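The lines below spell out each chain.
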Amino acid sequence: MTILIDQPDFGFNKADNVEEEIVVDVGFMVPQSNAFGHTFRDYDVESERQQGVENFYRTNHINQTYDFVKRMREEYGKLDKVEMSIWECCELLNDVVDESDPDLDEPQIEHLLQTAEAIRKDYPDEDWLHLTGLIHDLGKVLLHPSFGGLPQWAVVGDTYPVGCAFDESIVHHKYFEENPDYHNSAYNTKYGVYSKGCGLKNVMMSWGHDDYMYLVAKENNTTLPSAALFIIRYHSFYALHRSGSYKQLMNEEDVENLKWLQIFNKYDLYSKSKVRVDVEKVKPYYLSLIEKYFPAKLRW
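Residues numbered from 1 in each chain as written. Predicted model: local features only at pLDDT ≥ 70, side-chain atom pairs only at ≥ 80, totals over all residues. Heavy atoms only, no water.

Caption draft 1: Representation of the overall build of the chain within the structure. For the chain, the count of helices and strands is ten helices and six strands. Across the 300 residues that make up the chain, the buried fraction comes to 55%. Counting only contacts in the chain whose residues sit at least 6 apart along the sequence, the fraction spanning at least 24 positions is 77%. Looking at the chain as shown, the accessible area adds up to about 13200 Å², and 46% of this sits on carbon and sulfur atoms. (Helix = DSSP H or I, 4+ residues; strand = E, 2+ residues; numbered from the N terminus. Buried < 20%, exposed > 50% of the residue type's maximum accessible area, 1.4 Å probe, protein only. Contact = heavy atoms within 4.5 Å. Areas by Shrake-Rupley, 256 points an atom, 1.4 Å probe, with all protein chains shown as cover.)

Caption draft 2: A look at the packing of helix 6 (residues 209-219) against helix 7 (residues 226-234). Where helix 6 meets helix 7, the closest approach of the two axes is 7 Å, and the angle between their N-to-C directions is 150°. Taken together, helix 6 and helix 7 sit at an angle that is classed as roughly antiparallel. Taken together, the residues of helix 7 that come into contact with helix 6 (itself represented by Asp 210, Asp 211, Met 213, Tyr 214, Ala 217 and Lys 218) are Leu 229, Ile 232, Arg 233 and Tyr 234. The class makeup of the residues in the contact of helix 6 with helix 7 is six nonpolar, no polar and four charged. (Axes fitted to C-alpha atoms, helices over the stretch in contact; angles between N-to-C directions. Parallel < 35°, antiparallel > 145°, perpendicular 65-115°, else oblique. Nonpolar A, V, L, I, M, F, W, Y, C, P; charged D, E, K, R; others polar.)

Caption draft 3: Spatial organisation of helix 6. Helix 6 sits mainly inside the fold: nine of its eleven residues count as buried. Along helix 6, the residues that are buried comprise His 209, Asp 210, Asp 211, Tyr 212, Met 213, Tyr 214, Leu 215, Val 216 and Ala 217. Contacts made by the buried residues of helix 6 are with helix 2 (66-76), helix 3 (86-92), helix 5 (127-135), helix 7 and strand 6 (298-299). Taken from the residues just after helix 6, Asn 221 is the one with a positive phi, measuring 60°.

Caption draft 4: A look at the packing of helix 5 against helix 10 (residues 279-293). For the pair helix 5 and helix 10, interaxial distance at closest approach is 10 Å and the crossing angle is 105°. With respect to each other, helix 5 and helix 10 are oriented roughly perpendicular. For the pair helix 5 and helix 10, contact is made by Asp 127, Trp 128, His 130, Leu 131 and Leu 134 and by Tyr 285, Tyr 286, Leu 289, Ile 290, Lys 292 and Tyr 293, respectively. Here the contact of helix 5 with helix 10 is composed, by residue class, of eight nonpolar, one polar and two charged.

Caption draft 5: Up close: the environment of Cys 164. Position of Cys 164 relative to the elements: it lies in the loop between helix 5 and helix 6. Using a relative accessible area of 2% as the deciding quantity, one classes Cys 164 as buried. Linking Cys 164 and Tyr 194, residues 30 residues apart in sequence, is a C-alpha distance of 7.5 Å. Excluding its chain neighbours within four sequence positions, the residues that come into contact with Cys 164 are Tyr 187, Thr 189, Lys 190, Tyr 191, Gly 192, Tyr 194, Tyr 246 and Leu 249.

Caption draft 6: Local environment of the packing of aromatic side chains. For the structure on display, the rule yields 17 aromatic pairs. Note on Trp 128 and Trp 260: the rings are 5.0 Å apart at their centroids and 80° apart in plane angle, and the pair reads as edge-to-face. A residue pair is termed long-range when its members are at least 10 positions apart, and Trp 128 in helix 5 and Trp 260 in helix 9 (residues 252-270) qualify at 132 residues. Taking the relative accessible area as the measure of exposure, Trp 260 reaches 25% and is therefore partly exposed. Among the aromatic side chains, those forming a connected cluster through ring pairs are Tyr 76, Phe 147, Trp 207 and Tyr 212. Over the ring of Tyr 76 we find Lys 81; its NZ or CZ atom is 4.9 Å from the centre of that ring. In this structure, Arg 120 is placed above the aromatic ring of Tyr 285, and the distance from its NZ or CZ to the ring centre is 3.9 Å. (Phe/Tyr/Trp six-rings, centres within 6.5 Å; stacked < 30°, edge-to-face > 60°. Lys NZ or Arg CZ within 6 Å of the ring centre and 35° of its normal.)

Caption draft 7: Main features of the side chain of Asn 179. Note on placement: Asn 179 falls in the loop between helix 5 and helix 6. The exposure class assigned to Asn 179 is buried, which follows from its relative accessible area of 0%. Among the polar contacts made by the side chain of Asn 179, one reaches the main-chain carbonyl oxygen of Gln 64 at a distance of 3.1 Å. For Asn 179, the contacting residues outside a window of four places in its chain are His 61, Ile 62, Asn 63, Gln 64, Thr 65 and Phe 166. (Polar contact = N/O pair within 3.5 Å; in protein donor to acceptor, adjacent residues only side chain to side chain.)

Caption draft 8: Examining the side chain of Asp 127 more closely. In this structure, Asp 127 sits in helix 5. Assessed through its relative accessible area of 16%, Asp 127 is described here as buried. There is a polar contact of 2.8 Å between the side chain of Asp 127 and the side chain of Lys 292. Residues within four places of Asp 127 in sequence aside, it is in contact with Tyr 285, Leu 289, Lys 292 and Tyr 293.

Caption draft 9: Summary view of the environment of His 130. Counting through the fold element by element, His 130 comes out in helix 5. A sequence separation of twelve residues divides His 130 from Ala 118, and the C-alpha atoms of the two residues are 8.6 Å apart. If we ignore the near neighbours within four places in the chain, the residues touching His 130 are Ala 116, Ile 119, Arg 120, Tyr 123, Pro 124, Tyr 285, Tyr 286 and Leu 289. A polar atom in the side chain of His 130 sits 2.6 Å from the side chain of Tyr 285.

Caption draft 10: Summary view of the environment of Tyr 191. Secondary-structure assignment places Tyr 191 in the loop between helix 5 and helix 6. Put simply, Tyr 191 and Cys 164 are 27 residues apart on the chain and 5.5 Å apart in space, counted from C-alpha to C-alpha. Contact partners of Tyr 191, with chain neighbours within four places excluded, come to Gly 163, Cys 164, Lys 196, Gln 248 and Leu 249.

Spatial relationships are all this shows, so hold off on functional conclusions.
Written out as structure tokens, the structure is:
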């Protein structure tokens, strides 16, 4: 049964004319439509961003090859670009808008706090999950000049394995036909360079903010649990957690962590709205979590 409830006050300032929301789970208020008045993740609906999003995916699918990903992981895995804190990185995202996202055109810092606060309401005792919500998209700083100003297609968008066949569940799959790996017999089979049950940690994903932030957290010795690292690395892997593709590559640890990712995904996706967060009100709480799970300065 669907019911309406009041939201607790965790620092949200509701803008005028916020659309009616529906409860689909205990506590969490899910909007009926995205910021453009359409259903979420509808890549075919006519909107002011639809054509730009499709063009983004065409470029992404042509260029994300196995060799490209390998080069990017080697280059950015050095973590020699910048030294800064988690919160400093959050502030860098103030000027970043994700061109691949058909649901939102707000700066990324808004999305980070919306996600974290929505999780905090429903899972008050899982502070690691609150922090994961805050930092999951921090890898988008790859768009910033301090990190080389990578193009959008190499930073954002849905992710997917490279080195094996591109599953048809991936958004705008047709554009993979222009990717050199699509015609490479070493990479275009079900398992490609991998084996059944090899574990996702042994699979190379298309390069972007997910994999980069995973490397940053892991190499800076975060004390976040493995489920948090799994969420960070695979939250854009919609072919897996929305369509059930690529499960043949998973091991038992992946299966357990996927349960947390599926919980997280609801908040990552449906918290995107015009509802604003009072940053100064919630900042002390998130600074305390950052101090708990990360060193003061990180290598990026």
